[in-house]
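Letter by letter, the chains look like this.
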Amino acid sequence: QLVESGGGMVQAGGSRRLSCVGSGRPLSIYGMGWFRQVPGKERDFVAAISGSGKSTTYYTDSVKGRFTISRDNAKNTVYLQMNSLRPEDTAVYYCAATGSDRYSISYEYDYWGQGTQVTVSS
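These numbers come from a predicted model, not from an experiment.

The rules behind these values
Residues numbered from 1 in each chain as written. Predicted model: local features only at pLDDT ≥ 70, side-chain atom pairs only at ≥ 80, totals over all residues. Heavy atoms only, no water. Buried < 20%, exposed > 50% of the residue type's maximum accessible area, 1.4 Å probe, protein only. Helix = DSSP H or I, 4+ residues; strand = E, 2+ residues; numbered from the N terminus. Pairing = 2+ DSSP bridges.

A regular strand places its side chains so that they alternate between the two faces of the sheet. For strand S4 (residues 31-37), the tally of buried residues reaches six of seven residues, placing the bulk of the element in the interior. Across seven bridges, S4 lies against strand S9 (residues 91-98) in antiparallel orientation. Bridge pairing in S9 places Gly33 opposite Ala96. Bridge count between S4 and strand S5 (residues 44-49): five bridges; the pairing is antiparallel. Paired with Gly33 across the bridge in S5 is Ala48. The hairpin turn running from S4 into S5, its antiparallel successor, is six residues long, and Gly40 in that turn takes a positive phi close to 85°.

Read these as spatial facts, not as claims about activity.
See the structure below:
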């Protein structure tokens, strides 16, 4: 089970840190991803971090330099630090776990959280 938290409202230019806590299995064995979705659109890849001790990170172009994904294996938690937020970052953010290395592909993920809303006002 994956549970996200940390969403809320923030002004443009602000920051927010999302957390994704896992239970039942160690998240360290999985590649972990963050996706986001707005009403009427597909769920889009945001960031991912590889598993099995490598922790290589991947980002979609629009968030490079602004968002940082990280993991704390001791806490079984994955984070998404979001800085310099923009109104177009407004979405429901989901964390997910995968055994695949196709990190940007949503259907490659096996487990999903319930999502947390992030709203960025201008």
